[in-house]
Amino acid sequence: MKPHSYNKKMIPYIIIAAIFFYILPLFNSSDTYISILLLGIFPILTAILGYHYGIKNEFNLTLHNIIALLFVPTIFIYYELSVMSFFILYDFLLLVSNYIGSYVRKKSINN
């Protein structure tokens, strides 16, 4: 697979993550809403994105790093430094779900 087409496949996933990470916090700044985002929506989103990319393409550390690093500026824009621990959670969820998705893809291709 050409590196250029490989990168093109990541663009929709990066855009979706950017929309969620940067736009959703603008809708409400209450502590409850922010907690729901950080503890519910964002972990589920990163797991779904990683799994879906793994199923459709394959395991990709570049996507994993880009999406994980996409969250870091939001810590300084919308939240406090204490939210940095969530970065580790999302990073781990994306990595594991992407691996699981690519594993399922390989198993389905081999069968």
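Higher on the page you've got the structure.
Structural notes, computed from the coordinates. (Residues numbered from 1 in each chain as written. Predicted model: local features only at pLDDT ≥ 70, side-chain atom pairs only at ≥ 80, totals over all residues. Heavy atoms only, no water.)

Considering the overall build of the protein chain
So, point 1. Across its full length, the protein chain carries five helices and zero strands.
So, point 2. Secondary structure elements in the protein chain, listed N-terminal to C-terminal, are α-α-α-α-α.
So, point 3. Here the C-alpha radius of gyration of the protein chain, 15 Å, is about what a compact globule of 111 residues would show, namely 13 Å.
So, point 4. Seen along its three principal axes, the alpha-carbon backbone of the protein chain occupies a region of about 50 × 25 × 20 Å.
So, point 5. Total accessible area on the protein chain stands at roughly 6,700 Å², and carbon and sulfur atoms take up 70% of it. (Helix = DSSP H or I, 4+ residues; strand = E, 2+ residues; numbered from the N terminus. Rg over C-alpha atoms; globule rule 2.2 N^0.38 Å. Areas by Shrake-Rupley, 256 points an atom, 1.4 Å probe, with all protein chains shown as cover.)

Looking at the packing of aromatic side chains
So, point 1. Inspection of every chain in the model, using the stated rule, returns eleven aromatic pairs.
So, point 2. Between Y13 and Y53, the aromatic rings sit 5.0 Å apart at their centres with planes inclined by 85°, giving edge-to-face as the arrangement. Of the two residues, Y13 sits in helix α2 (residues 11–23) while Y53 sits in helix α3 (residues 31–56), which places them 40 residues apart along the sequence.
So, point 3. Y13 gets classed as buried once you look at its relative accessible area, which sits at 8%.
So, point 4. With a relative accessible area of 0%, Y53 lands in the buried category.
So, point 5. Taken together, the ring pairs connect F21, F42, F71, Y78, Y79, F86 and Y90 into an aromatic cluster. (Phe/Tyr/Trp six-rings, centres within 6.5 Å; stacked < 30°, edge-to-face > 60°. Buried < 20%, exposed > 50% of the residue type's maximum accessible area, 1.4 Å probe, protein only.)

A few points about the nonpolar core
So, point 1. Of all hydrophobic cores here, the largest spans 26 residues; its most connected members are F21, L38, F42, I67, F71 and Y79.
So, point 2. Taken together, the elements giving at least two residues each to this core come down to α2, α3, α4 (61–77) and α5 (84–110).
So, point 3. Broken down by element, this core gets its largest block of residues, eight residues, from α3.
So, point 4. Apart from the residues lying within four places of it in its own chain, the contact partners of F42 are F20, F21, L24, P25, L37, F71, Y79 and Y90. (Core = buried A, V, L, I, M, F, W, Y, C linked by side-chain atoms within 4.5 Å. Contact = heavy atoms within 4.5 Å.)

Shape descriptors only; they carry no functional weight alone.
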